[in-house]
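Structural characterization, general
Take a look at the letters that make up each chain.
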Amino acid sequence: RATSDIFKSAGEQFANAIRMDPKKQADWSGDNRAHFWVDIYKQAEVPFKDGRFEDALELYKILTVLNPEEPEGFFRVAYTMDRLGEPKQSVILAGETRVMAEQKIGELGDCGQFKSSKAKSECRKKIKELEKIISNVDSFTRSKYADLGYDAFDTAQKTEDMTAKRQGLDEAQLFFERALDQDPSLEGVRFSLGNVHFNRARSYEDPPDTAHAYAEYRLASSIFVSLADTDTVDADTKKDALYNAGSALYAASDWSGALPLLKRYIDLDVKDGDTYRRVAKCLSEMKEHADAASYYMASKALEGESVDVNEAMNTARNLYPGSEQEKAAGELGPPDEVRSVLDDQRTIISYIWWSKGEIRHFIEGKLVGTVKFKALTPNTQGQLGGK
């Protein structure tokens, strides 16, 4: 600790010497700085291996002031900070170290700027060392980024203060994005990133900040859609991602954007009455009132009274002979299910063909609405139910 400022001054002077007279001083000053750097590194390794991490940390910090352009020193500081129970700061510094190493590799390029074979060889050796640092950073941070993101998200969820909540969500977003930069296949992390934007949008609702809220809802939806369209995700994740994608645009009052997503979700969960209701709202806002009424009746039917199929068909045959209701059974076969709803003093009878992907609504035998969806196979019919 007492000599840290002296080493910092030494590092600055070596750098000044190289900058002022690169032809004569580059090798000499560079070698001297490297000599002291390696000497301190070796000193730090002793307390680190003995578990005296505080002592090791002080020595590793000297590396960063002796040569602030050498990423390895910063990585050793980050790694030791984690051993001292500072995971958040350690991964942030490790991430900065990675960026530093990438920039150095970019500056060295293909080493063609060096004329001598010795210089070219040293350049290539340096690139390999930098690539090793990047690999070490990735190994160190791979799981930590995701874990810190989940911790920050959970903390944000628990606070009622909107400023603190957004700060927590910002932190969660930072860690989730870094985790995905390292491993884009982390589908659970990507789902959580969508939830970050969804919850940030909600934080702008009271007091209302429509522009920011809608922007965040759209970001959330785009992330969930990308997950829903990914072939490798499991069925439950695809289903939940579609639901959230549609819900985000629905919350943003983006009716035309939400509509196809909500319809896709219905194909995955055909008995979710709430989603039919949301589709009805979208269609109504888009002035497509006839279709809106059909979906609204479907949502009510799923909540309505179940009617015996044979009884419903006999009633149609006896009370409304030749009607559209009677002909429907002849056209599509007996419905898989029949529901009855009393709405505004009218009884709406809904014939549901899960196996054919269709619902038809009748009032006094007359067809008043139709909804179509993806037909259920015998294997999936027993698996689905209301949310």
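Scroll up for the structure.
The rules we used
- Residues numbered from 1 in each chain as written.
- Predicted model: local features only at pLDDT ≥ 70, side-chain atom pairs only at ≥ 80, totals over all residues.
- Heavy atoms only, no water.
- Helix = DSSP H or I, 4+ residues; strand = E, 2+ residues; numbered from the N terminus.
- Rg over C-alpha atoms; globule rule 2.2 N^0.38 Å.
- Buried < 20%, exposed > 50% of the residue type's maximum accessible area, 1.4 Å probe, protein only.
- Contact = heavy atoms within 4.5 Å.
- Areas by Shrake-Rupley, 256 points an atom, 1.4 Å probe, with all protein chains shown as cover.
- Lys, Arg positive; Asp, Glu negative; His and termini not counted.
- Charge placed at Lys NZ, Arg CZ, Asp CG, Glu CD.
- Pairing = 2+ DSSP bridges.
- Phe/Tyr/Trp six-rings, centres within 6.5 Å; stacked < 30°, edge-to-face > 60°.
- Lys NZ or Arg CZ within 6 Å of the ring centre and 35° of its normal.
- Expected span 1.5 Å × (residues − 1).
- Polar contact = N/O pair within 3.5 Å; in protein donor to acceptor, adjacent residues only side chain to side chain.
- Axes fitted to C-alpha atoms, helices over the stretch in contact; angles between N-to-C directions.
- Parallel < 35°, antiparallel > 145°, perpendicular 65-115°, else oblique.
- Left-handed = near helix turned anticlockwise from the far one by under 90°.
- Nonpolar A, V, L, I, M, F, W, Y, C, P; charged D, E, K, R; others polar.
- Disulfide = S-S within 2.5 Å.

Some words on the overall build of the chain
- Secondary structure assignment for the chain yields 16 helices and 5 strands.
- Its C-alpha radius of gyration of 32 Å places the chain more than 25% over the 21 Å reference for a compact globule of 387 residues.
- Counting only C-alpha atoms, the chain reaches 105 × 50 × 40 Å along its principal axes.
- Among the 387 residues that make up the chain, the fraction classed as buried is 44%.
- Counting only contacts in the chain whose residues sit at least 6 apart along the sequence, the fraction spanning at least 24 positions is 53%.
- As presented, the chain carries roughly 20,500 Å² of accessible surface, and 49% of it is formed by carbon and sulfur atoms.
- Within the chain, one finds 53 positive and 65 negative side-chain charges whose respective centroids are separated by 5 Å.

Notes on unusual backbone geometry
- Phi angles above zero are rare outside glycine, and Ser 253 is one such case at about 60 degrees.
- Mapped onto the secondary structure, Ser 253 falls in the loop between α10 (235-251) and α11 (255-268).
- In this structure, Asp 344 takes a positive phi of about 55 degrees despite not being glycine.
- Summarising the element assignment, Asp 344 is placed in the loop between β2 (337-343) and β3 (346-353).
- Note on Asp 344: relative accessible area 64%, which makes it exposed.

Thoughts on the pairing of strand β5 (residues 366-372)
- Note: strand β4 (residues 358-363) against β5, 6 bridges, orientation antiparallel. What sits directly across from Arg 360, in β5, is Thr 370.
- Here β4 folds back onto β5 in antiparallel fashion, the turn holding 2 residues, of which Glu 364 has a positive phi close to 50 degrees.

Quick notes on the pairing of β3
- In terms of burial, β3 is a largely internal element, 6 of the 8 residues being buried.
- Of the pairings in the sheet, the one linking β2 to β3 comprises 7 bridges and is antiparallel in character. Of the residues in β3, the one forming a bridge with Asp 343 is Arg 346.
- Taking the residues between adjacent antiparallel strands as the criterion, β2 and β3 are bridged by 2 residues, where Asp 344 takes a positive phi near 55 degrees.
- Hairpin connection from β3 to β4: 4 residues lie between these consecutive antiparallel strands, with Gly 357 at a positive phi of about 70 degrees.

Considering the packing of aromatic side chains
- One pass over the structure, following the stated rule, counts 18 aromatic pairs.
- Between Tyr 150 and Phe 176 the ring centres are 5.2 Å apart and the planes differ by 65 degrees, which places this aromatic pair in the edge-to-face class. Linking Tyr 150 in helix α6 (residues 117-158) with Phe 176 in helix α7 (residues 162-182), this pair joins segments that are 26 residues apart in sequence.
- When its relative accessible area of 30% is taken as the criterion, Tyr 150 is described as partly exposed.
- By the ring-pair criterion, three or more aromatic residues cluster together here, those being Trp 37, Tyr 41, Phe 48, Phe 53, Tyr 60, Phe 75, Tyr 79 and Phe 140.
- It is Arg 76 that lies over the ring of Phe 48; its NZ or CZ is 5.2 Å from the centre.
- Residue placement shows Arg 278 over the ring face of Tyr 250; its charged tip is 5.1 Å from the ring centre.

A closer look at α7
- With 21 residues, α7 should cover 30 Å at 1.5 Å per step; its first-to-last C-alpha distance of 30 Å lies within 8% of that length.
- Turning to α7, its buried residues are Lys 165, Gly 168, Leu 169, Ala 172, Gln 173, Phe 175, Phe 176, Ala 179, Leu 180 and Gln 182.
- Put simply, Asp 161 is the residue that caps the front of α7, since its side-chain oxygen is 3.2 Å from the backbone nitrogen of Thr 163.

Describing the packing of helix α14 (residues 309-319) against helix α15 (residues 324-332)
- One can describe the packing of α14 onto α15 by two numbers: an axis separation of 8 Å at closest approach and a directional angle of 130 degrees. Classified by the angle between their axes, α14 and α15 sit oblique to one another. Relative to α15, α14 is oriented so that their crossing is left-handed. Contacts between α14 and α15 pair Ala 312, Met 313, Ala 316 and Arg 317 from the former with Gln 325, Glu 326 and Ala 329 from the latter.
- The class makeup of the residues in the contact of α14 with α15 is 4 nonpolar, 1 polar and 2 charged.

Here we look at the state of the cysteines
- Taken as a whole and assessed by the stated rule, the structure comprises 1 disulfide.
- Two residues, Cys 111 and Cys 123, share a disulfide whose sulfurs are 2.0 Å apart. One quick way to see it: the torsion about the S-S bond of Cys 111 and Cys 123 is about -80 degrees, and its sign makes the bridge left-handed. Of this pair, Cys 111 sits in the loop between α5 (87-108) and α6 while Cys 123 is found in helix α6, placing the two residues 12 residues apart along the sequence.
- Take Cys 111: its relative accessible area is 1%, and that puts it in the buried class.

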